Protein chains: 2
Amino acid sequence: MSKSDRIRVRLVDVARAAGVSKTTVSDALNGAGRLPAATREHVQKVARSLGYRPNATARLLRRGHTMLLGVAAREYVETPWVYAELAYFGTLVTAITQAALAHGYGIVLLPTSGPDDCWLDMPLDGVFVIDPVEGDPMVGDFLAAGVPVVSDRRALTEVAIEAREPSRWVDFDYDGAVRQALDHLEAAGAERIAIVTAATTACFYQQSVGAYQDWCAERGRGPRVAYIPGPGLQHVLNAVEGLLNAADPPDALFTLVEINPALLLDAIRKLGRSVPDDLLLVCTTEDPTAPYTDPPTSTLSYLPGETAEAAVSLLVDSIEGREGDQGRLLSADFQIRASSAFPARRPAFPSP
Amino acid sequence: MSKSDRIRVRLVDVARAAGVSKTTVSDALNGAGRLPAATREHVQKVARSLGYRPNATARLLRRGHTMLLGVAAREYVETPWVYAELAYFGTLVTAITQAALAHGYGIVLLPTSGPDDCWLDMPLDGVFVIDPVEGDPMVGDFLAAGVPVVSDRRALTEVAIEAREPSRWVDFDYDGAVRQALDHLEAAGAERIAIVTAATTACFYQQSVGAYQDWCAERGRGPRVAYIPGPGLQHVLNAVEGLLNAADPPDALFTLVEINPALLLDAIRKLGRSVPDDLLLVCTTEDPTAPYTDPPTSTLSYLPGETAEAAVSLLVDSIEGREGDQGRLLSADFQIRASSAFPARRPAFPSP
DNA sequence: CTCTTGTGCAGGAACGTTCCTTCACCAATA
DNA sequence: TATTGGTGAAGGAACGTTCCTGCACAAGAG
C-alpha cells in the first residue's frame, strides 16, 4: 500500500545477492575474519549497490550495550521539561552531550514525568539524574534495573543502599560557595544582604539558604530571604521589587535563582537604585552575558562543564566495569566584577 | 570479579523460578494471553521478588521500532553542539522533547560531527535535522537507510529526490516576516535601517538578507548589512558598535542573530544612543526576557513551539506509515513593543 | 602418499523478547 | 460415546545481528 512497505534490506539479502553466507558479509563489512581482499571488495560493492545499512537495534542486542546515556532533569517534576528556561540546564545538557560524545556515547533526553516507570523502556546504559527529589523513584527504578546512575546531588543514600550498586554522584560545596560570596559582599561594605531563592525542595536551594542563615546568625544579623513560588522571571522581578521597596531595604542582593543579569539591572534601575553605588549585586548564573552588562555582573557559577565531565566519566567507569571514584566534590567558581566591587562611596541610605 | 558481573535476571529466569514457561511470564506481565488471575499474580510476585526488568533492546528488536527520534543541529557543523548559546536552539529542543513525549517518543541528541556516518549506529525511528547544510550528508545517509527525516528548511531537494522517500519539511515565510518588520520600522519613521546577520550559509540568513536587500532596492535605499563572523556575543556587540559609529549611522536596527535584548540595549546606551528616541530596535529572538526590558523590545519570533509540534507530527506520520502533509509553511510572530514604537520626536541626527 | 598447517568460507547458536501455533484437558452438547 | 468449545499453558519461530565452531580444500613437510 504505502511506499514504506518496501522492506529494508538485511544482511541476508546482501548475502544472497553476493552469493555468500551472512558470516562472510558481516566479516567483510566489519573488517573481521579471514577474507581475501577480492571477496571483501565484492561484498562491499554488493552491499553498497543494495543500499544496505545494518540494523542498529539488532547490533545493540548482540553487543549487549547501547552506547546511550539518559539525562533527566527532576527539579520541577510536574513540568515536563523546563531546562530551556534556565541557563544552567541548557549549558549542562550541552556539556553532557559533548562529554558523552567524547566517550562515544549518545544522549537521550528523558521525560521527567509520565506513566509509571516508562523511562525503563529506553535502552540506556546509564543515566544522569539532575536535581533528584528526595527518595526519587526514577533513581530507584534504574538502580533496580541494574542501570548505573550518577546524580549531581548526593542525597540519595536511602534509595541507593538497598540497591545492588549504589549511585555515584557529583556534588558541590554549597556552604563554601555561599560563604565566599557573602564574605566578599561584607568586605565590600554590605551590611544588609538579601538573597532570592526558590521555594523548592531541591538540594541546592535548601543547602544554600541554610548556609546563608548560618552566616547571618554568626553575625547576629537578621536574614532577608525572598522565595519565588515557581519558574518564570516575573516572579523573580516581583521578589526583587518587594525586597527593594521594603521598609529597611538591603544594600546588597545575592540571587540564587537564574535571572538574566542585564534584565535584573534594568529592573533595579527602574526601581531607582544604582549598582554598585546603592546596591551590590552577585548573581548565581551561567548566563554568558554577565561580563558584558553595565556594570559587569559578579557571578557564582556551578560549572556545568566540569559537572558534565565528571558525571559522564563516573558513569562510563561504572558502565564499563571499572572501579572508579564513588563521587566527585567540586567547588563553585566565583567571579568578582564591578557589580559587587567596592563602590567609591557607601550607600547613603536612610536607616529607618 | 567486579560486582557488575552479577548477571541481569531475564524472562527465562523468572519462568524457571515460577515454574512456568516464558510465554506465560510474558503474557502475565504484559496483560496478554488467557491466564487466570491466580497465575498472573503469582508470576508478577515472582518477577518482582527477583527484581526482573525487561530488556529494552530486545523488546525494541522484536517490536521493530525504537520510539526514539534523533535531533541534530547543523548550523555550525564544525562546533560539536552549540545550541545552548542560542535561545532558539534551546527552546526548540525543549519543545521537540515535549512534542515527542506527547506522541510517546524519546529524543536523542545527535553528534553533528564525528567519524563518517556514526549517526547511523543509533537506533532511531526518525530524525529532525535543524538547519541542514546544502546537500547535507547526514540527511542523505538517513534517507538512504530508510529513516524518515524532517528538516526545518526545505532546501534539500537534490538529496531527497534520489531517495526512496523524500524528506518532509517545516519552513517559514522569511520574506514575509522580514518585510513585515521593515514595513513597520518604515511606518514608524525609520529611514536608515541596518541589519545584523551571520556569515553562514544557513538558509534562514541567506533568505532574510535577500529579502532585506530586495526591500531596500525597491525603495532605492542602500542596504546596511553587518555580518558577524561566528557564534559569540562579542561579535554582535562589535558589529553594532561598528554600525552606530559609522559616518552615516542608522536610525533603526534589525538583528537577525540571537542577542540578549537587555544586553543589546545596554550596549546601545553605552554608545550614547537611546531606544526608541534615537534608534528603533527589532530583535529576532526567542529570549523570554524581551517584554521585560526597558524599553520592552519588539521581537520577531520563529515560533520554536509550533515548529517542533509540526516537525514531530510530520515525523510521526511518516514513521507510522500515514500519508500526511509533505511539509508545513509557518509564519513568524512579530511582536511590536516600545523599542520600535513611534517615538515622540524623530531622531534629530545630523545627516552627513 | 600421509600428516600437518593454513586459508576461505558456511552453519548455527546466541542476545532477550513477543507472539503465533499447538496441545492437553475438562465440561457440555449431540 | 464421539464431537465441539473453551481454557490454560507450552513450544518454538522470528526480529537482525555477531561470533564461535567446524568443514573442505590446497600447499608444504615428512
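All values reported here derive from a predicted model rather than from experimental measurement.

A. Local environment of the environment of V127 of chain A. Residue and element names in this part refer to chain A. Tracing the chain through its elements places V127 in strand β3 (residues 126–130). Expressed as a C-alpha distance, the spacing of V127 and P148, which sit 21 residues apart in the sequence, is 6.4 Å. Not counting chain neighbours up to four residues away, the residues in contact with V127 comprise G70, L110, F142, V147, P148, V149, V150 and L315.

B. Examining helix α9 (residues 203–218) of chain A more closely. All names here are of chain A. Helix length check: α9 (16 residues) gives 22 Å between terminal C-alpha atoms against 22 Å at 1.5 Å per residue, within 8%. Along α9, the positions that sit buried rather than exposed are C203, F204, Y205, S208, V209, A211, Y212, W215 and C216. Structurally, α9 contributes buried residues whose contacts are with α8 (174–187), β6 (193–198), β7 (224–228) and β9 (280–284). Downstream of α9 by one or two residues, G220 has phi in the positive range, about 65 degrees.

C. Broad picture of unusual backbone geometry. Cis geometry marks the peptide bond from V275 of chain A to P276 of chain A; its omega dihedral reads 5 degrees. Assignment of secondary structure puts P276 of chain A in the loop between α11 (261–270) and β9. Cis geometry is found at the peptide bond from D294 of chain B to P295 of chain B, where omega equals 0 degrees. Secondary-structure assignment places P295 of chain B in the loop between β9 (280–284) and β10 (298–301). Even without being a glycine, L303 of chain A presents a positive backbone phi close to 40 degrees. Mapping L303 of chain A onto the fold places it in the loop between β10 (298–301) and α12 (304–319).

D. Representation of the environment of D251 of chain B within the structure. Residue and element names in this part refer to chain B. Residue position: D251 is located in the loop between α10 (233–244) and β8 (252–255). Taking C-alpha positions, D251 is 9.6 Å from L185, a pair spaced 66 residues apart along the chain. A distance of 2.9 Å separates a polar atom in the side chain of D251 from the backbone nitrogen of E191.

E. Geometry of the protein's contact with DNA strand C. As a structural note, the neighbourhood of DNA strand C is formed by 25 residues, with S21, T23, T24 and R34 of chain A together with R62 of chain B the closest of them. Close to the protein, within 4 Å, the atoms of DNA strand C are drawn from sugar and phosphate at a rate of 51%. Within the side chain of T39 of chain A, one N or O atom sits 2.8 Å away from a phosphate oxygen of DNA strand C. Take R59 of chain B: an N or O atom from its side chain is 3.1 Å from a phosphate oxygen of DNA strand C. Sorting the residues of the surface near DNA strand C by element identifies α2 (22–30) and α4 (56–63) of chain A together with α2 (22–30) and α4 (56–63) of chain B as the ones contributing at least two each. Grouping the constituent residues of the surface near DNA strand C by class yields eight nonpolar, nine polar and eight charged.

Rules behind the numbers
Residues numbered from 1 in each chain as written. Chains lettered and ligands numbered in written order. Predicted model: local features only at pLDDT ≥ 70, side-chain atom pairs only at ≥ 80, totals over all residues. Heavy atoms only, no water. Helix = DSSP H or I, 4+ residues; strand = E, 2+ residues; numbered from the N terminus. Contact = heavy atoms within 4.5 Å. Expected span 1.5 Å × (residues − 1). Buried < 20%, exposed > 50% of the residue type's maximum accessible area, 1.4 Å probe, protein only. Polar contact = N/O pair within 3.5 Å; in protein donor to acceptor, adjacent residues only side chain to side chain. Near = heavy atom within 4 Å. Nonpolar A, V, L, I, M, F, W, Y, C, P; charged D, E, K, R; others polar.

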